[in-house]
Amino acid sequence: SQTIHQWPATLVQPVGSPLSLECTVEGTSNPNLYWYRQAAGRGLQLLFYSVGIGQISSEVPQNLSASRPQDRQFILSSKKLLLSDSGFYLCAWSAFSAGRTDTQYFGPGTRLTVL
Amino acid sequence: TQLLEQSPQFLSIQEGENLTVYCNSSSVFSSLQWYRQEPGEGPVLLVTVVTGGEVKKLKRLTFQFGDARKDSSLHITAAQPGDTGLYLCAGVEDDMRFGAGTRLTVKP
């Protein structure tokens, strides 16, 4: 069966510090991978998605970046965090498709607080 | 870009009551999905509806896809505290877009 992991589960960082969130998927090959941000009490905002190693599409301009160094690893980074980066970050995977139409399976999330 | 509107945004009811939440759009979708998200966790898929007019039941939950495939509803019968969570709908066409969700609280 497929599983998806995220770490850390919670993170408190000062403004201006760097960020690295990691997501890994097990039990599937060549998945589509996604990073979402969810502000408190709000829906999901798609940040990045990837259909393969080194292939990253950005949905929203911001000070965040994403990388996919391995087939089942997706990393969300920032060089300098802003207060507005606080939120709940979710990684998800779906079966490979050129679009983003297949069912997405979510990880447990990372709660990021920027102070 | 599809815009999915979910209503109500918040809903607080007593255990045993029935409720319906809605997901509406001006766009036509090839399918629509409902997810439930509990606090501090990722969303979990509940159901996918594909055919206009389709009705699917999962125990006390009934999902309906509109005839025109632009809207959907989720009806919960005899709500329980375990139903508490954020209910998200996601419309699928060229890609998948999520609504902002309905936050349901069921009080014992």
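Conventions and cut-offs
Residues numbered from 1 in each chain as written. Chains lettered and ligands numbered in written order. Predicted model: local features only at pLDDT ≥ 70, side-chain atom pairs only at ≥ 80, totals over all residues. Heavy atoms only, no water. Helix = DSSP H or I, 4+ residues; strand = E, 2+ residues; numbered from the N terminus. Rg over C-alpha atoms; globule rule 2.2 N^0.38 Å. Areas by Shrake-Rupley, 256 points an atom, 1.4 Å probe, with all protein chains shown as cover. Lys, Arg positive; Asp, Glu negative; His and termini not counted. Charge placed at Lys NZ, Arg CZ, Asp CG, Glu CD. Pairing = 2+ DSSP bridges. Axes fitted to C-alpha atoms, helices over the stretch in contact; angles between N-to-C directions. Disulfide = S-S within 2.5 Å. Contact = heavy atoms within 4.5 Å. Buried area = accessible area lost by both parts, 1.4 Å probe. Salt bridge = Lys/Arg side-chain N within 4 Å of Asp/Glu carboxyl O. Polar contact = N/O pair within 3.5 Å; in protein donor to acceptor, adjacent residues only side chain to side chain. Nonpolar A, V, L, I, M, F, W, Y, C, P; charged D, E, K, R; others polar.

(A) Examining the overall build of chain B more closely. Tallying secondary structure elements over chain B gives zero helices and eleven strands in all. Along chain B, helices (α) and strands (β) appear in the sequence β-β-β-β-β-β-β-β-β-β-β when read from the amino end. Relative to the compact-globule value of 13 Å for 108 residues, chain B shows a C-alpha radius of gyration of 13 Å, a close match. Expressed along its principal axes, the backbone C-alpha trace of chain B runs to roughly 40 × 25 × 20 Å. Surface accessibility of chain B: about 5100 Å² in total, with carbon and sulfur atoms responsible for 48%. Charge separation in chain B, taken as the distance between the mean sites of 10 positive and 12 negative side-chain charges, equals 3 Å.

(B) Representation of the sheet that holds strand β3 (residues 19-24) of chain B within the structure. All names here are of chain B. The five strands lie next to each other as β1-β3-β8-β7-β6, forming an open sheet whose pairing is antiparallel. Strands at the two margins of the open sheet, each flanked by one partner only, are β1 (5-7) and β6 (55-58). Mean inter-strand twist for the sheet, computed between neighbouring axes without regard to direction, equals 15 degrees. Pairing of β3 with strand β8 (residues 71-76) involves six bridges; the strand directions are antiparallel. What sits directly across from Val21, in β8, is Leu74.

(C) Just the state of the cysteines, in detail. Residue and element names in this part refer to chain A. Tallied over the entire structure, the rule returns two disulfides over all chains. Each disulfide pairs two cysteine sulfurs, and for Cys23 the partner residue is Cys91, the sulfurs being separated by 2.0 Å. Across the disulfide from Cys23 to Cys91, rotation about the S-S bond amounts to roughly -75 degrees, and the bridge is consequently left-handed. Here Cys91 lies in strand β9 (residues 87-94) and Cys23 lies in strand β3 (residues 19-26), a separation of 68 residues in the sequence.

(D) Spatial organisation of the interface of chain B and chain A. The partner chain A presents 18 residues to the 22 residues of chain B that form the contact. Of all residues in chain B, Pro43, Met96 and Phe98 of chain B give up the largest surface area on contact with chain A, accounting jointly for 29% of the area buried on that side. Between Glu59 of chain A and Arg97 of chain B there is a salt bridge whose closest N-O contact spans 3.1 Å. Where chain B touches chain A, the interface holds four residue pairs in polar contact (both at pLDDT 80 or more). If you list the elements that add at least two residues to the side of chain B that touches chain A, you get β4 (31-37), β5 (44-49), β9 (85-92) and β10 (96-98) of chain B. Among the residues making up the side of chain B that touches chain A, the classes are represented as nine nonpolar, seven polar and six charged.

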